[in-house]
Amino acid sequence: MEEYKTAMNRLGRRLMHAMLLSLGVSEEEINDTPFGDFSKIKTVYSLNSYPPCPEADRVLGLPPHSDTGFVTFVYDNGVSGLQILRREDDNGPTRWVTVPVVPNTFVVNVGDLMQVLTNGRFHNMVHRAIIGKTYHRMSAAYFFSPELDVKVSPLSKLIDPGVGPLYKTVTWPELQTKRSLSYGHALDAFKIDSN
Ligand SMILES: O=C(O)CCC(=O)C(=O)O
Ligand SMILES: [Fe+2]
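Residues numbered from 1 in each chain as written. Chains lettered and ligands numbered in written order. Predicted model: local features only at pLDDT ≥ 70, side-chain atom pairs only at ≥ 80, totals over all residues. Heavy atoms only, no water.

Novice: It is not clear to me how the pattern of salt bridges should be interpreted in this structure. Could you clarify?
Specialist: A pair can form between side chains of opposite charge whenever their charged atoms are brought close. Under the counting rule described, the total for this entry stands at seven salt bridges. With its nearest N and O atoms 3.2 Å apart, the salt bridge here joins K157 to E29. With K157 in the loop between strand 9 (151–152) and strand 10 (170–171) and E29 in helix 2 (residues 27–32), the pair connects residues that are 128 residues apart, well separated along the chain. Exposure remark for K157: the relative accessible area of 44% places this residue in the partly exposed category. With a shortest N-O distance of 3.9 Å, K133 and D57 are connected by a salt bridge. Of this pair, K133 sits in the loop between strand 7 (127–130) and strand 8 (137–146) while D57 sits in the loop between strand 1 (41–50) and strand 2 (60–65), and the two are 76 residues apart along the sequence. The pair formed by K133 and D57 is uniform in burial state, with each residue classed as exposed. (Salt bridge = Lys/Arg side-chain N within 4 Å of Asp/Glu carboxyl O. Helix = DSSP H or I, 4+ residues; strand = E, 2+ residues; numbered from the N terminus. Buried < 20%, exposed > 50% of the residue type's maximum accessible area, 1.4 Å probe, protein only.)

Novice: Teacher, can you tell me more about the sheet that holds strand 1 here?
Specialist: Paired through their backbone hydrogen bonds, the strands of a sheet run either parallel or antiparallel. Here we have four strands laid out as an open sheet, ordered 1-8-3-6, and antiparallel in their pairing. Every other strand in the sheet has two partners, leaving strand 1 and strand 6 (107–110) as the edge strands with one partner each. With direction set aside, neighbouring strand axes in the sheet form an average angle of 20°. Across four bridges, strand 3 (residues 71–76) lies against strand 6 in antiparallel orientation. Paired with T72 across the two strands is N109, which belongs to strand 6. (Pairing = 2+ DSSP bridges. Axes fitted to C-alpha atoms, helices over the stretch in contact; angles between N-to-C directions.)

Here is the structure:
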């Protein structure tokens, strides 16, 4: 387990760095944040079990939500069931799309705090888990979030000078509290109105 944790942390760090570098944030600026070297990152590992149900259409495995941290890696046992909410676009109205199962890969969910950190450049992903009629699905989610005392705000490089930050400074527990009140819309409370 320790070995797995070390490997996952290395992967999470590489991913977060790659995401920020892709937006033009320098390695130096990333290392200036309280989680650049990952010393202030908190990880949570959660195992989910979704047994089959004859009336699968009438139940949900996990209700719609966005993860509140930075990023989440999801690994499953090869049974599909994770769905993401696609917003209305040229291909159709707002709809649930099943994430295809690709063996030996992780699905990465972008969480609320990544949206804050990148000032909305990366967007959180609303998702849910459905239940199958026949197969038992299991998944393992590895969450990367800041330590409880870390204040997250948009990186200055990603703030448009004419507009200012789109989100207030927030800690993970503050976001979690809002989440329990308005499931799936926790971030709304921390948006800065540009008017
Ligand atoms: O089981 C899944 O695929 C999703 C799990 C998930 O969204 C969560 O644990 O937050
Ligand atoms: Fe989730």
